[in-house]
Amino acid sequence: MSRYILALDQGTTSSRAIIFDEKVNKISVSQQEFTQYFPKPGWVEHDPEELFNCQLAVLKEVVEKSCIDTKDIAAIGITNQRETVVLWDKNTGKPVYNAIVWQCRRTAEIAELLICGGYSDMIKEKTGLLPDAYFSGTKVKWILDNVPGVREKAEKGEILAGTIDTWLIWKLSGGKAHVTDYTNACRTMLFNIKTLEWDKELLDLLGVPQCILPEVKDSSCIYTTTDKSVCGFEVPIASAIGDQQAALFGQGCFNKGEAKSTYGTGCFLLMNTGEEIIYSKNKLITTIALGLNGKIEYALEGSVFIGGAVIKWLRDELKIIDSAHECDTLAGSVPDSNDVIMVPAFTGLGAPYWDPYARGTIVGLTRGANRAHICRAALDSIAYQVKDELDCMKQDAGIDIPILKVDGGASVSNPLLQFQADILGIPVCRPKNVETTATGAAFLAGLAVGVWSSKKDILDVWKKEKEFDPQMSDKQRDKLYSKWKKALDRAKSWQEEWEED
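Model, not experiment: these values are computed from the prediction.

Next up on the list: unusual backbone geometry. As a rule of thumb, non-glycine residues mostly have phi less than zero, and peptide bonds are mostly trans rather than cis. The omega angle of the peptide bond from A351 to P352 is 0 degrees, so this bond is cis rather than trans. Here P352 shows up in the loop between β19 (341–343) and β20 (361–363). The phi dihedral of K283 falls on the positive side, at around 65 degrees, and the residue is not glycine. Topologically, K283 is positioned in the loop between β16 (267–274) and β17 (285–292). Overall, the relative accessible area of 45% leaves K283 in the partly exposed class. One non-glycine residue, N338, lies in positive phi territory at about 60 degrees.

So, about the layout of surface pockets. Computed from the structure, the second largest pocket encloses a volume of approximately 300 Å³. Looking at the second largest pocket, it is lined by 19 residues, and the ones nearest its centre are P335, D336, S337, F419 and L480. Mapped onto the lining of the second largest pocket, the elements with two or more residues apiece are α13 (371–397), α14 (414–424) and α17 (474–491). Classifying every residue of the lining of the second largest pocket gives 8 nonpolar, 4 polar and 7 charged.

With that settled, consider the environment of K260. Examined against the element boundaries, K260 turns out to sit in strand β15 (residues 259–263). Between the alpha carbons of K260 and F52 there is a distance of 29 Å; along the sequence they are 208 residues apart. Looking at K260, its side chain comes within polar contact range of the side chain of T262, at 2.6 Å.

Below, the discussion takes up empty space enclosed by the protein. Regions of empty space are outlined by a rolling probe, equal in size to a water molecule, passed over the atoms. Applying the stated rule across the entire model yields 3 cavities of 30 Å³ or more. There is about 90 Å³ of room inside the largest cavity. Along the walls of the largest cavity sit 15 residues, with G162, T163, T188, W198 and L213 positioned nearest its centre. At 3 residues, the largest contribution of residues to the lining of the largest cavity is made by strand β8 (residues 159–163). Each residue belonging to the lining of the largest cavity can be placed in one class, and the counts come to 8 nonpolar, 7 polar and no charged. For the lining of the second largest cavity, the secondary-structure elements that each account for two or more residues are α10 (243–250) and β17. With 3 residues, α10 is the largest single contributor of residues to the lining of the second largest cavity. Here the lining of the second largest cavity is built from residues that sort into 6 nonpolar, 2 polar and 1 charged.

Definitions and cut-offs
Residues numbered from 1 in each chain as written. Predicted model: local features only at pLDDT ≥ 70, side-chain atom pairs only at ≥ 80, totals over all residues. Heavy atoms only, no water. Helix = DSSP H or I, 4+ residues; strand = E, 2+ residues; numbered from the N terminus. Buried < 20%, exposed > 50% of the residue type's maximum accessible area, 1.4 Å probe, protein only. 1 Å grid on protein atoms, 1.4 Å probe; cavity = no way out; pocket = protein on both sides within 12 Å on 5 of 7 lines; lining within 4 Å. Points joined across faces, edges and corners; volume = space filled by probe spheres on them. Nonpolar A, V, L, I, M, F, W, Y, C, P; charged D, E, K, R; others polar. Polar contact = N/O pair within 3.5 Å; in protein donor to acceptor, adjacent residues only side chain to side chain.

Right, here's the structure in full:
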């Protein structure tokens, strides 16, 4: 009898569900976008109920499309947008406020106060993170401080909090389990990556009661089962992992020094550092890569806030393209960007700059610039940001990265990946299955229930689709990168201080 894994990939703009067989062939796929809310400049929210209903709808649809018996589904694996946080009433199950999304910059002032208070080194030592609005802890504090009555309820143990994996597991199980995994917990700025516990000093610093936080477990284990009244069937939920760590695992980057870049809404570069915690001197993040069989692996990470989302911006806001494919076609129709450089700092700059006050800009426009050049500049901007991070990563780890594995929605773009190889000066490798985020979650769920027995089994099914070799001279690479740095200077600190309406 065939055994299948159902992977839920809960992203920033859409929810996906994919059923894989034991050879990691996709049996069926379903995807649905949900609403993005922007109440004020720099604020980003999701409706938690809509988000869950969207994920549940694609779960049911993918099972129906697959025509397989639900008894043959061995487990569900979950991967999710990470720092986005939800608080809900323990008794009613209703969210007390919209989910505050990882992109949201409303808590920049809280992060600034932590920096000014001299807490940066302590936070970095305990969590591997830098004080920034990006991380969940500041968002939890904001909800507790700004939604009437919530702090009082939280202190009485009547509120539950969690990242999106926690919210989904709680809802799918009918409220049976309030859990998360190490990779999500470590993104909250409340979790100690050495002691592997919620840190009392950090909780007190941000005023977060520990009783509202979930139990933290390995990324691969049986957390609970789905509730039949919710999903229509019962099956073990056997993995939960942050999306970028899921992609690292799905790419088979199991050894120290192996790296991947995921081109999703944001763009995230991770390098496996094994069981060693390496603290960055270049403002990269030290993060937990995996909790498996009671062992913790770590990684260095660079986080770009706007990666593939820049293509969606061209489509939805600028309206110069109708699809991502058209962006690719236009970008490929010109040899270069005609000296146009775009810095997509729509929600500030992530690693290695961490400038919440930067804003997007397009420079180098001349009368000869057209929409093809702007599309080319948009794709190039993703590759430039990855180079910023990779250069820092190599310095921090003292390891040369001979090849970069890539995945995510925008990795289907040949013009992007060729420029990525050119600007990095190393080969870029795209797998046959670019759904490595969902695949990573599926692998971990499968390991927990015995569909696969080891990492070797996983490497046996990983396949390369195409490799892009650098074709650019060192001189041209240096010239282009120098212009990118000049453009960055124009975008930095555009908003001198946070402005409330």
